[in-house]
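Examination of the molecular architecture
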Amino acid sequence: MAKTNIATELTAIDAKILPMTSQSMIETAHENRDVQDVQVDGGVVEEFIAEKHIGERIKYLRLKKSMGLVELGRHTGLSASFLSQLETGRVVPTLRNLARIAMVFSKDLSYFFEPAPQTLFRMHRRKDRVRLPQTGADDPSYFFESLGYLVPDRQLDPYFAEFLPVRAGRIPRAHQHVGCEFLYLLTGSLDVQHGEITHRLEPGDAVYFDANTTHSYLCAGEVPATAVIVTLQHAAPMPHGTRRLERSLAAAMLRPIEEKDAEKRARQRTQ
């Protein structure tokens, strides 16, 4: 924005603010004539201003535009030292000064008084997690703990899962759901059946698959297997031609168990 344009607009806004402020003062005086002796404590006013973090918001806008105090001063007609005091909360801003600053950054005056947006951050402590058994199974083959239960309206669900060693008579219970699923194996060995094919995963292996297809898990060792699982509520759209590449990568990275076992036996014979 050109300096001449800003100066013209600042003059115009001053012309608007002053009559509005005067009119507002007259109306307020009429409305409050029965409480003329009531005074607002200055400390309360400053506390109200501090709670809005107006100085921090001014500094955020300035730094976002990579603008120095001197440059902002040229645009607003305010001195750099005064702007510095505004940002650090050492002086209380006036409506006119805030309007000048808001115009430079193309913001409405209400920007400085609206509630600050809250950034999403949730900590899930290990000691607070709840260990739950496999859903709908009388003899569960795994237990899981939600890693995102404190997040409202979440689009994905992360879990920590522990798969128990196979026991006689235990049959893997297949399930399916909308969206996609990601699994990263931490310890142990795990068989993941997706559709009609079963894949063997070792520590460090990961798999991402369509959860609409029936799938199940089975611990493939004598010790429990642990993994981090993330389920996505909606499947991400795939670019055209990606499915062929996906199938090729899946075939190379997660070969069926029969191939891996044959390769393992071959290595053992050569040792």
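Criteria and cut-off values
Residues numbered from 1 in each chain as written. Predicted model: local features only at pLDDT ≥ 70, side-chain atom pairs only at ≥ 80, totals over all residues. Heavy atoms only, no water. Helix = DSSP H or I, 4+ residues; strand = E, 2+ residues; numbered from the N terminus. Buried < 20%, exposed > 50% of the residue type's maximum accessible area, 1.4 Å probe, protein only. Axes fitted to C-alpha atoms, helices over the stretch in contact; angles between N-to-C directions. Parallel < 35°, antiparallel > 145°, perpendicular 65-115°, else oblique. Contact = heavy atoms within 4.5 Å. Nonpolar A, V, L, I, M, F, W, Y, C, P; charged D, E, K, R; others polar. Pairing = 2+ DSSP bridges. pLDDT = per-residue confidence, 0-100.

Quick look at unusual backbone geometry
Even without being glycine, Ser66 reaches a positive phi, approximately 50°. Along the chain, Ser66 falls in the loop between helix 3 (54-64) and helix 4 (69-76). Since its relative accessible area comes to 68%, Ser66 is described here as exposed. Phi at Ser106 is positive, roughly 55°, even though this residue is not glycine. Secondary-structure assignment places Ser106 in the loop between helix 6 (95-104) and strand 1 (132-133).

Concerning the packing of helix 4 against helix 5 (residues 80-88)
As a packed pair, helix 4 and helix 5 sit with axes 8 Å apart at the nearest point and diverge in direction by 105°. With respect to each other, helix 4 and helix 5 are oriented roughly perpendicular. Each of Leu69, Val70, Leu72, Gly73 and Thr76 in helix 4 lies in contact with helix 5, whose residues at this interface are Ala80, Leu83, Ser84 and Glu87. When grouped by side-chain class, the residues that make up the contact of helix 4 with helix 5 number five nonpolar, three polar and one charged.

Quick word on the sheet that holds strand 2 (residues 142-146)
Here we have six strands laid out as an open sheet, ordered 1-2-3-9-4-7, and antiparallel in their pairing. Sheet topology places strand 1 and strand 7 (206-210) at the edges, where each strand pairs with a single neighbour. As paired elements, strand 2 and strand 3 (residues 156-163) share five bridges and run antiparallel to each other. Across the sheet, Phe144 pairs through a bridge with Ala161, a residue of strand 3.

Points about the confidence of the model for the protein chain
Across the protein chain, pLDDT averages 77, with 66% of residues at or above 70. Looking over the protein chain, one finds the lowest element-wise mean pLDDT in helix 7 (residues 242-253), namely 48, and the highest in strand 4 (residues 180-187), namely 97. Across residues 17-35 the pLDDT falls below 50, and counting only partners more than four positions away or on other chains, this stretch makes six contacts in the model. Within the model, pLDDT remains below 50 along residues 248-255, and this stretch shows ten contacts once partners closer than five positions in the same chain are excluded.

Quick look at the environment of Gly77
Tracing the chain through its elements places Gly77 in the loop between helix 4 and helix 5. Taking relative accessible area as the criterion, Gly77 reaches 63% and is therefore assigned exposed. In sequence terms Gly77 and Arg100 are 23 residues apart; their C-alpha atoms lie 8.4 Å from each other.

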